[in-house]
Amino acid sequence: MALFQEKSKKVLASGVLTLSFTAGLVTIGFLLTYTIQNDSGHTGLDPYHALAVFVPVSIIGLIHLAVVRPFGSAGWLAASVFVVGLFGVALLVFLDRSNTLLQYEVWIERGMPER
């Protein structure tokens with residue numbers, strides 16, 4: 001019975017990592033697609049709301065990497081999840097600092113910059 005429980009924990013952990021990885025990639029894909037299609041440089045939604053995805057993804061990857069299973073194939077998956085989360089945060093910062101995609105009010109405050 002203990003072997004079954006251990007196997008179930010590993011499957012669950014791999015599922016959480018895979019779901020986190022997918023959520024991060026889908027959010028990055030959405031942000032990039034929206035940014036490419038948006039000619040104005042501003043949007044009604046705050047792009048930083050995507051941190052609600054990227055911060056948990058990074059934390060899940062880091063916890064699995066540091067505590068749960070740092071070695072083997074799960075370690076690579078955990079590292080990939082962590083990198084996707086960090087890349088998402090870096091993408092948001094880049095879009096903000098380069099005035100590429102700003103919330104409308106921020107765009108107005110910055111003097112309606114061109115892209």
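The rules behind the values
Here the residue numbers are simple positions, counted from 1 along each chain's written sequence. Two thresholds apply to this predicted model, a pLDDT of at least 70 for residue-level local features and 80 or more for giving and counting side-chain atom pairs, whereas whole-chain, interface and lining totals are computed over all residues. The side-chain figures draw on all heavy atoms in the structure; neither hydrogens nor water molecules are used. Strands are runs of DSSP state E lasting at least two residues, helices are runs of H or I lasting at least four, and both sets are numbered from the N terminus onward. Each radius of gyration reported is based on C-alpha atoms, and the globular scaling rule is 2.2 Å times the count of residues to the power 0.38. A 1.4 Å probe rolled over the protein chains alone gives each residue an accessible area, and that area as a share of the maximum for its type sets the label: buried under 20%, exposed over 50%, partly exposed in between. Residues count as neighbours in contact if any of their non-hydrogen atoms are within 4.5 Å of one another. Here the accessible surface of atoms and residues is derived via Shrake-Rupley with a 1.4 Å probe, and residues count as covered only by protein chains that are part of the display. We score Asp and Glu as negative and Lys and Arg as positive, and we do not count His or the chain ends. The atoms used to mark charge sites are NZ of Lys, CZ of Arg, CG of Asp and CD of Glu. One side-chain nitrogen of Lys or Arg within 4 Å of one carboxyl oxygen of Asp or Glu is enough to make a salt bridge. What is meant by a nonpolar core is a set of buried Ala, Val, Leu, Ile, Met, Phe, Trp, Tyr and Cys residues, joined one to another through side-chain atoms within 4.5 Å. N or O atoms closer than or at 3.5 Å make up a polar contact, with two conditions inside protein: a donor-capable atom paired with an acceptor-capable one, and, for residues adjacent in sequence, both atoms drawn from side chains.

Time to look at the overall build of the protein chain. Of the regular secondary structure elements, the protein chain holds four helices and two strands. N-terminal to C-terminal, the α/β element order of the protein chain is α-β-α-α-β-α. The C-alpha atoms of the protein chain give a radius of gyration of 18 Å, which is well past the 13 Å a tight globule of 115 residues would have. Overall, the C-alpha framework of the protein chain stretches about 65 × 20 × 20 Å when taken along its three principal axes. In the protein chain, which comprises 115 residues, the proportion classed as buried is 31%. Expressed as a percentage of contacts within the protein chain between residues at least 6 apart in sequence, the contacts between residues at least 24 apart total 77%. If you sum the accessible surface of the protein chain, you get close to 7,400 Å²; carbon and sulfur atoms cover 71% of it. Both charge centroids of the protein chain, one from 7 positive and one from 7 negative side chains, sit 21 Å from each other.

Right, let's get into the side chain of Ser58. Within the secondary structure, Ser58 sits in helix H2 (residues 51-68). Residues in contact with Ser58, not counting those within four places in the same chain, are Phe82, Gly85 and Leu86.

All told, the structure shown has one salt bridge when counted by the stated rule. The salt bridge involving Asp96 is made with Arg110; its shortest N-O contact spans 3.0 Å. Of the two residues, Asp96 sits in helix H3 (residues 73-97) while Arg110 sits in the segment after helix H4 (104-109), which places them 14 residues apart along the sequence. Classification of Arg110 as partly exposed rests on a relative accessible area of 36%.

It is worth spelling out the nonpolar core at this point. In this structure, Ile28, Leu31, Ala50, Phe54, Val84, Leu91, Leu92, Leu95 and Leu101 together form the largest nonpolar core, which totals nine residues. Breaking this core down by element, the ones donating at least two residues are helix H1 (2-37) and H3. Setting aside residues no more than four positions away along its own chain, Ile28 makes contact with Phe54, Val84, Phe87, Gly88 and Leu91.

Within the fold, Thr100 resides in the loop between H3 and strand S2 (102-103). Since its relative accessible area comes to 14%, Thr100 is described here as buried. Along the sequence, Thr100 and Tyr34 sit 66 residues apart, while their C-alpha atoms lie 11 Å from each other. In this structure the side chain of Thr100 is engaged in a polar contact, spanning 2.5 Å, whose partner is the side chain of Ser98.

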